[in-house]
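Now for the letters of each chain:
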Amino acid sequence: MKILIFGAGVLGSFYAARLRDAKQNVTLLARGQRYRELIAHGIVLENFKSGVTTVSYPPIIDGMPEKDYYDLCVILVQNNQLPEALKTISSNKNIATYLVMTNYMKGPGEILDYLDEKKVLLGHVNAGGERDGHIVKYMASQSMTMGELDGSRSERLKKIAAVFRTAGLPVDLSRNMDSWKRHHLAFLLPVCHAMYLCGTCNYKLAAHKDLVRKSLLGAKEAMQMLARNGYPVEPVKLKIMFSMPLSLLTALFQKILATEIMDIGGARHVQNARSEIMKLSDDLLALADLWHEELPVLRELRNVN
């Protein structure tokens, strides 16, 4: 499969390296200083937990090829970078499928303004980390998730999932990826704002029981709003988690927050993606205004930040 990765941050670099090492025909698009780093050093990955470092050398390009054919373009940019990225990507009409891994709250409409609906898959990542100079320090924890817009288990979806699995990346398939992406953010955005109040430190937040409780109340009200307006809770494990008594959920989440995974995959991303998180929170509150909903806890947390 001929694959183009659009976006060479932590995640784009991670997936390009893993796919390249699995003998896939992958090209990574990077720009500016990041392009120069990759040309000079290749993709240098350092596993946070083991310290093991690997170097991969996929082809690196610094501009969108407008005529080259690709079976798959994986889009890995922040939400506030998405409009410009989509404009650039849409200049190539010879891409068979797009896998959009970017966070969003308002829905796929903006994506479909630029890309053919029949070619679009939605996905979510399974890794996190940060860049230290040209080195990408990462941790991969859960499964990737992806799905068709219409929820079908198409042959192309299964084929693309299989490609990532050959690279040692587990994949779950979702029948409602739109709801999945919205509820993921409804859950995490209040937590992000609570973390900012603790100096972007997951360990400090874990020790602040009342603030953890408030962030979970904010998540619950946002998820309930989405469900009331036609977006059922996805994934099911999220629904199960929020069926727990709040006191028990708070204690459980305090333990989760005080882990290395939440440091590497959570706090470091929250610190490096503040502008994206603020925009996504504003998008969620804009939906609340549109639907005449309140979301008082999220508004309080957002205003403090």
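We now turn to the structure provided with this report. Just so it is clear, the structure is predicted and the values come from calculations on it, not from any experiment.

A word on the sheet that holds strand S2 (residues 25–29)
The eight strands are arranged S5-S2-S1-S6-S7-S8-S11-S12 in an open sheet whose pairing can be described as mixed. Edge positions in the sheet fall to strand S5 (60–61) and strand S12 (171–173), since each of these pairs with one other strand and no more. Note: strand S1 (residues 2–6) against S2, five bridges, orientation parallel. Bridge assignment links Phe6 to a residue of S2, and that residue is Leu29. Contacting S1, S2 and strand S11 (144–148), helix H1 (residues 10–21) crosses the sheet at an angle of about 160° to S2. With respect to the sheet, helix H3 (residues 82–89) is in contact with S1, strand S6 (70–75) and strand S7 (95–100), its orientation differing from that of S6 by roughly 165°.

A few points about the nonpolar core
One finds Phe187, Leu205, Phe242, Leu257, Leu284 and Leu295 to be the most contacted residues of the largest nonpolar core, which totals 43 residues. Going through the elements one at a time, helix H6 (177–196), helix H7 (202–206), helix H8 (209–228), helix H9 (236–241), helix H10 (246–257), helix H11 (260–272), helix H12 (274–290) and helix H13 (296–304) are the ones with two or more residues in this core. The greatest single-element share of this core, amounting to nine residues, is contributed by H6. Within the second largest apolar cluster, 36 residues are counted, among which are Leu28, Leu45, Met146 and Phe164.

So, the packing of aromatic side chains
Within this structure, the stated rule accounts for six aromatic pairs. Centroid distance Phe14 to Tyr15: 5.2 Å. Interplanar angle 70°. Geometry classified as edge-to-face. The exposure classification of Phe14 matches that of Tyr15, with both residues buried. Judged by centre distance (6.0 Å) and plane angle (85°), the ring pair of Tyr15 and Phe164 falls under edge-to-face. Of this pair, Tyr15 sits in helix H1 while Phe164 sits in helix H5 (residues 155–166), placing them 149 residues apart in sequence. Owing to a relative accessible area of 0%, Tyr15 belongs among the buried residues under this scheme. Taken together, Phe14, Tyr15, Tyr138 and Phe164 form an aromatic cluster joined through their ring pairs. Across from the ring centre of Tyr70, 4.9 Å away, lies the NZ or CZ of Lys2, which sits over that ring. A cation sits over an aromatic face here: Arg182 above Tyr231, 4.1 Å from the ring centre.

Focus on the side chain of Glu293
Within the secondary structure, Glu293 sits in the loop between H12 and H13. We classify Glu293 as buried; its relative accessible area is 17%. For Glu293, the side chain forms a polar contact with the side chain of Asn229, separated by 3.2 Å. The contacts of Glu293, once residues within four sequence positions are left out, are Met225, Arg228, Asn229, Ala288 and Arg299.

Let's talk about the packing of H6 against H12
Two elements in contact, H6 and H12, have axes separated by 10 Å at closest approach and are oriented at 120°. The orientation of H6 relative to H12 falls into the category oblique. Here H6 runs over H12; the crossing is left-handed. Contacts between H6 and H12 pair Arg182, Leu185, Ala186, Leu189, Cys192, His193 and Tyr196 from the former with Arg274, Ile277, Met278, Leu280, Ser281, Leu284 and Leu287 from the latter. Residues that form the contact of H6 with H12 fall into these classes: ten nonpolar, two polar and two charged.

What to know about the pattern of salt bridges
Summed over the entire model, instances satisfying the criterion amount to 14 salt bridges. A salt bridge links Arg156 to Glu148, with the nearest nitrogen and oxygen atoms 2.8 Å apart.

Focus on the environment of Tyr35
Along the chain, Tyr35 turns up in helix H2 (residues 32–41). Residues Tyr35 and Gly9, 26 residues apart in the sequence, show an inter-C-alpha distance of 10 Å. Dropping the residues within four chain positions of it, Tyr35 is found in contact with Ala30, Ile60, Ile61 and Asp62.

Parameters and conventions
Residues numbered from 1 in each chain as written. Predicted model: local features only at pLDDT ≥ 70, side-chain atom pairs only at ≥ 80, totals over all residues. Heavy atoms only, no water. Pairing = 2+ DSSP bridges. Helix = DSSP H or I, 4+ residues; strand = E, 2+ residues; numbered from the N terminus. Contact = heavy atoms within 4.5 Å. Axes fitted to C-alpha atoms, helices over the stretch in contact; angles between N-to-C directions. Core = buried A, V, L, I, M, F, W, Y, C linked by side-chain atoms within 4.5 Å. Buried < 20%, exposed > 50% of the residue type's maximum accessible area, 1.4 Å probe, protein only. Phe/Tyr/Trp six-rings, centres within 6.5 Å; stacked < 30°, edge-to-face > 60°. Lys NZ or Arg CZ within 6 Å of the ring centre and 35° of its normal. Polar contact = N/O pair within 3.5 Å; in protein donor to acceptor, adjacent residues only side chain to side chain. Parallel < 35°, antiparallel > 145°, perpendicular 65-115°, else oblique. Left-handed = near helix turned anticlockwise from the far one by under 90°. Nonpolar A, V, L, I, M, F, W, Y, C, P; charged D, E, K, R; others polar. Salt bridge = Lys/Arg side-chain N within 4 Å of Asp/Glu carboxyl O.

Don't take any of this as a statement about function, it's just geometry.
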